[in-house]
Amino acid sequence: MDILIEQLDVTDAHNLYKFELQNREFFEEMVPSRGDDYYGLEVFKKRHETLLEEQAQGSSYFYLIKSTDGSIVGRINLVDIDKSQKIGHLGHRVGQLYTRKGVAKKAVKLLLEKLTDQDIIQVKAKTTTNNIASQKVLEKNGFKHSKSYDEESEMNGQKLNFVYYTWTNKA
């Protein structure tokens, strides 16, 4: 599937809200719920504005993963950017209809290519031990396993551990 990533914009709020609503149940199978409040339109709009402010300040970069027809198929973000250390933290999610099509792998690659313009030299990521697909996406994009924790977290009644990865810009 051909995709592109576009930086989050004020005009994306409505379509992004629909995307999040359509995929809520699917996302909550893999990551903790954002809570019912998040899915109220006014709260969503306010949070969208907050993300845009963070992006304008350069502390985070938020992108939408889109198909070539402009439909939102996922999100990919670089957050908690430490400008002095030139480090950011990766997060991504792909809508249920677009999984197993290489979307996440391509989106991570596209984001990493953009980092040469952003002066980021290291990206950290984490996933759960049971999220093999996410681990593969990271590894195929040059992330190296950096550590695992035996400390368990619980989500949806299942005990999970986290796996941490690091990517370093070789340019």
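This text follows the structure it describes.
Residues numbered from 1 in each chain as written. Predicted model: local features only at pLDDT ≥ 70, side-chain atom pairs only at ≥ 80, totals over all residues. Heavy atoms only, no water.

## Some words on the overall build of the protein chain
Per the secondary structure count, the protein chain includes four helices and nine strands. For the protein chain, the sequential pattern of α-helices and β-strands runs β-α-α-β-β-β-α-β-α-β-β-β-β. With the C-alpha coordinates aligned to their principal axes, the bounding extent of the protein chain is approximately 40 × 40 × 30 Å. Per-residue burial over the protein chain gives 41% buried out of 171 residues. Excluding contacts between residues fewer than 6 apart, the proportion of contacts in the protein chain whose partners are at least 24 apart in sequence is 60%. Roughly 10000 Å² of accessible area belongs to the protein chain as shown, and the carbon and sulfur atoms make up 47% of that amount. In the protein chain, the 25 positive side-chain charges and the 25 negative ones have mean positions that sit 6 Å from each other. (Helix = DSSP H or I, 4+ residues; strand = E, 2+ residues; numbered from the N terminus. Buried < 20%, exposed > 50% of the residue type's maximum accessible area, 1.4 Å probe, protein only. Contact = heavy atoms within 4.5 Å. Areas by Shrake-Rupley, 256 points an atom, 1.4 Å probe, with all protein chains shown as cover. Lys, Arg positive; Asp, Glu negative; His and termini not counted. Charge placed at Lys NZ, Arg CZ, Asp CG, Glu CD.)

## Remarks on the layout of surface pockets
Of the voids in this model, the second largest pocket is the one considered here, and its volume is about 260 Å³. In terms of residue count, helix α1 (residues 13-28) provides more of the lining of the second largest pocket than any other element does, five residues in total. Taken together, the residues of the lining of the second largest pocket sort by class into four nonpolar, seven polar and three charged. (1 Å grid on protein atoms, 1.4 Å probe; cavity = no way out; pocket = protein on both sides within 12 Å on 5 of 7 lines; lining within 4 Å. Points joined across faces, edges and corners; volume = space filled by probe spheres on them. Nonpolar A, V, L, I, M, F, W, Y, C, P; charged D, E, K, R; others polar.)

## Here we look at the nonpolar core
Ranked by internal contacts, the top residues of the largest apolar core, which has 27 residues, are I65, I76, L90, V123 and F143. Taken together, the elements giving at least two residues each to this core come down to β1 (3-7), β2 (61-67), β3 (72-82), β4 (87-94), α3 (103-118), β5 (122-128), α4 (132-140) and β9 (162-168). Of all hydrophobic cores here, the second largest spans 14 residues; its members include F26, Y38, Y39 and F62. (Core = buried A, V, L, I, M, F, W, Y, C linked by side-chain atoms within 4.5 Å.)

## A few points about the packing of aromatic side chains
For any pair of aromatic rings, the description rests on two quantities: the centre-to-centre distance and the angle between the ring planes. Tallied over the full model, the rule gives five aromatic pairs. Here the aromatic rings of F26 and F27 are separated by 5.9 Å at their centres, their planes lie at 45°, and the arrangement is tilted. Among the residues examined, F26 registers a relative accessible area of 13% and is labelled buried. Taken together through their ring pairs, the aromatic side chains of Y17, Y38, Y39 and F44 make up a single cluster. Of note, R93 hangs over the ring of F27, and the distance from its end group to the ring centre comes to 4.3 Å. Over the face of the ring belonging to F162 we find K126, whose NZ or CZ atom lies 4.5 Å from the ring centre. (Phe/Tyr/Trp six-rings, centres within 6.5 Å; stacked < 30°, edge-to-face > 60°. Lys NZ or Arg CZ within 6 Å of the ring centre and 35° of its normal.)

## Some remarks on the pairing of β9
In terms of residue burial, β9 counts as a mostly covered element, since five of its seven residues are buried. In the sheet, β5 pairs with β9 via seven bridges, with the strands oriented antiparallel. Residue pairing in the sheet places K124 in a bridge with T166 of β9. (Pairing = 2+ DSSP bridges.)

## Section: the packing of α1 against helix α2 (residues 41-57)
The N-to-C vectors of α1 and α2 enclose an angle of 120°; their axes lie 10 Å apart at closest approach. It follows that α1 is oblique to α2 by the angle criterion. Between α1 and α2 lies a crossing whose hand is right-handed. Seen from α1, the contacting residues are A13, L16, Y17 and E20; seen from α2, they are L41, F44 and H48. Among the residues making up the contact of α1 with α2, the classes are represented as five nonpolar, one polar and one charged. (Axes fitted to C-alpha atoms, helices over the stretch in contact; angles between N-to-C directions. Parallel < 35°, antiparallel > 145°, perpendicular 65-115°, else oblique. Left-handed = near helix turned anticlockwise from the far one by under 90°.)

## Description of the side chain of R93
Of note, R93 is situated in strand β4. A distance of 3.2 Å separates a polar atom in the side chain of R93 from a polar atom in the side chain of E20. Excluding its chain neighbours within four sequence positions, the residues that come into contact with R93 are E20, F27, V31, R34, I65, G74 and R75. (Polar contact = N/O pair within 3.5 Å; in protein donor to acceptor, adjacent residues only side chain to side chain.)

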